[in-house]
Amino acid sequence: QKEVEQDPGPLSVPEGAIVSLNCTYSNSAFQYFMWYRQYSRKGPELLMYTYSSGNKEDGRFTAQVDKSSKYISLFIRDSQPSDSATYLCAMSATGNKLVFGAGTILRVKS
Amino acid sequence: GAVVSQHPSWVICKSGTSVKIECRSLDFQATTMFWYRQFPKQSLMLMATSNEGSKATYEQGVEKDKFLINHASLTLSTLTVTSAHPEDSSFYICSASRRGDEQFFGPGTRLTVL
């Protein structure tokens, strides 16, 4: 069993839809949770960074962490074609060494 | 802020040669830098972690004599792929951390070994 599980997709939605991306994990020591966006042949871009449980909102993005269920989510409101990318969840016990999910390919159709 | 650059962005080399990739934090001092490898349609795999002035810590299965990492300053780390072979062809990405928490990633270097 992988430490971090993430459905690779692809997930295809119409423009304006609410997108829900999820990861589950098995290591209860993880305390730091991140979401990255990666365009093709580019480095990952940090979208959201949360420590421990709870919600965090930034513009159209909301990150949720449920440590009791070992489940994290990223919601994208009013999705745009420019949001089409691969979304990677990542987590860490120490805040240092990251363990990544496989990444979910998102396609937003105009 | 928190910009990380990599050079070169793309390199093609012959089998048996060595290739050096640079990673720079442009507007902050990075206490720690990380090197990742990403194969097509796969996620990032951590290769090694380096702290300025210290030897790098390599992940299990990564040959330290093949992937030489130097972290000479708080803004520069280099990865040298020695005696490269076609199976080393991959996308190499570095990241830098200011305080050992958030990591900021470079744009990546695509290595093709013929």
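Up top you'll find the structure we're talking about.
Residues numbered from 1 in each chain as written. Chains lettered and ligands numbered in written order. Predicted model: local features only at pLDDT ≥ 70, side-chain atom pairs only at ≥ 80, totals over all residues. Heavy atoms only, no water.

Chemist: If you had to explain the pattern of salt bridges to someone new, which residues and values would you point to?
Modeler: Residues and elements named next belong to chain A. This structure, assessed with the given rule, holds six salt bridges over all chains. Glu 45 is paired through a salt bridge with Arg 37; the nearest N and O atoms lie 2.9 Å apart. Glu 45 sits in the partly exposed class, given a relative accessible area of 36%. On the basis of relative accessible area, Arg 37 is assigned to the buried category, the value being 12%. In this structure, the salt-bridge partner of Glu 57 is Arg 77, at a minimum N-O distance of 3.4 Å. Of this pair, Glu 57 sits in strand E6 (residues 54-58) while Arg 77 is found in the loop between strand E8 (71-76) and strand E9 (85-92), placing the two residues 20 residues apart along the sequence. (Salt bridge = Lys/Arg side-chain N within 4 Å of Asp/Glu carboxyl O. Buried < 20%, exposed > 50% of the residue type's maximum accessible area, 1.4 Å probe, protein only. Helix = DSSP H or I, 4+ residues; strand = E, 2+ residues; numbered from the N terminus.)

Chemist: Describe the pairing of strand E4 (residues 32-38) of chain B, and please don't skip the residues or the numbers.
Modeler: Residues and elements named next belong to chain B. The buried count for E4 comes to seven of seven residues, which makes it a mostly enclosed element. Of the two faces of E4, the one carrying Thr 32, Phe 34, Tyr 36 and Gln 38 and the one carrying Met 33, Trp 35 and Arg 37 are both buried. Looking at chain direction, E4 and strand E5 (residues 45-51) are connected through six bridges and run antiparallel. Along E5, the bridge assignment pairs Thr 32 with Asn 51. Taking the residues between adjacent antiparallel strands as the criterion, E4 and E5 are bridged by six residues, where Lys 41 takes a positive phi near 60°. With seven bridges connecting them, E4 and strand E9 (residues 90-97) associate as antiparallel partners. Along E9, the bridge assignment pairs Thr 32 with Ser 97. (Pairing = 2+ DSSP bridges.)

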